[in-house]
Amino acid sequence: RVPGRPVPCCQPGVPAGVGKRAMASDDQDICLSIRLNGAPVVKLTGAAVTQITGPRNIALIALLATAPALRRSRNWLAGVLWSDSAPERARANLRQWLHALRQSCGADFDAVFCTDRDTVGLLPEAVRLEKNVQGVFLEGIDLAEEGFEDWLREQRLADTSPGPAVNAATPAAV
C-alpha cells in the first residue's frame, strides 16, 4: 500500500476490508453512520467525529449505500450527479468532489471508502446504516440534476419501510 493512494478494494476478488485496520490507529474502529430516511445524517467516527454535510456529499453517499455491494461505477455516479454535463466534465467533477471529500475526512477516508479507476464504494464492515427510521427518503435533499431526481423518485417509490421511528443501526449487508 502506497500512502495517499486509494485502496484498490473495489476490484473483484480483492477483499473488501483491505486497508481498514492499517488506517485505524490504536485498533480504533472507524465507522460511517448513515441515516437516509427523514433528514439525512452522515457521520464519520474515527480519529475525530466528522459530520458529512452538503446535498451532493449526502447524495453521493446515498447512491453508494443503496448500491449492490455498496459500490458503483464512476461513469454511473458521474451521470447521475452531473447528468446535465458532458461525460468528460461529469467525471472530472466527480474526481474533484471525491478529492474534496477525501480532504475533509482526512486519513479516515481510506478506512471507509474504496476507490479505483473505475469504481467508488463503501467498505461494508465500516458502514452502519440506520434502518426502520420513519421519514421520507433523503428528505430535504434536492439537486438540480435530472439523473439524480429520477433516481431519487425511484428510491422513494420503492421505499416501503413505514415502521416505527427506531434508530436500529445495523452493519450494511452486502
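Shown above is the structure to which this text applies.
Residues numbered from 1 in each chain as written. Predicted model: local features only at pLDDT ≥ 70, side-chain atom pairs only at ≥ 80, totals over all residues. Heavy atoms only, no water.

Draft legend 1. Inspection of the sheet that holds strand β4 (residues 71-73) at higher detail. A sheet is described by the order of its strands in space; here 3 strands give the open sequence β4-β6-β5, paired in antiparallel fashion. Both edges of this open sheet fall to β4 and β5 (113-115), since each of them pairs with a single strand only. Taking each pair of neighbouring strands and ignoring which way they run, the sheet shows an average axis angle of 15°. As judged from the 3 bridges shared by β5 and strand β6 (residues 119-122), these two strands associate in the antiparallel manner. Bridged to phenylalanine 113 within β6 is leucine 122. Relative to the sheet, helix α2 (residues 55-65) contacts β4, β5 and β6, its axis offset from that of β6 by approximately 85°. (Pairing = 2+ DSSP bridges. Helix = DSSP H or I, 4+ residues; strand = E, 2+ residues; numbered from the N terminus. Axes fitted to C-alpha atoms, helices over the stretch in contact; angles between N-to-C directions. Contact = heavy atoms within 4.5 Å.)

Draft legend 2. Examining the packing of aromatic side chains more closely. Taken as a whole and assessed by the stated rule, the structure comprises 4 aromatic pairs. Centre to centre, the rings of tryptophan 82 and tryptophan 97 are 6.2 Å apart; their planes meet at 65°, and the pair counts as edge-to-face. Taken as a pair, tryptophan 82 in the loop between α3 (74-81) and α4 (87-105) and tryptophan 97 in helix α4 lie far apart in primary sequence, 15 residues in all. Residue class for tryptophan 97 comes out partly exposed when judged on its relative accessible area of 31%. Here the aromatic cluster, defined as three or more aromatic residues joined through ring pairs, consists of Phe137, Phe148 and Trp151. In this structure, arginine 56 is placed above the aromatic ring of tryptophan 97, and the distance from its NZ or CZ to the ring centre is 5.8 Å. Cation over ring: arginine 72 sits above tryptophan 76, and NZ or CZ is 4.0 Å from the ring centre. (Phe/Tyr/Trp six-rings, centres within 6.5 Å; stacked < 30°, edge-to-face > 60°. Buried < 20%, exposed > 50% of the residue type's maximum accessible area, 1.4 Å probe, protein only. Lys NZ or Arg CZ within 6 Å of the ring centre and 35° of its normal.)

Read these as geometric descriptors, not functional statements.
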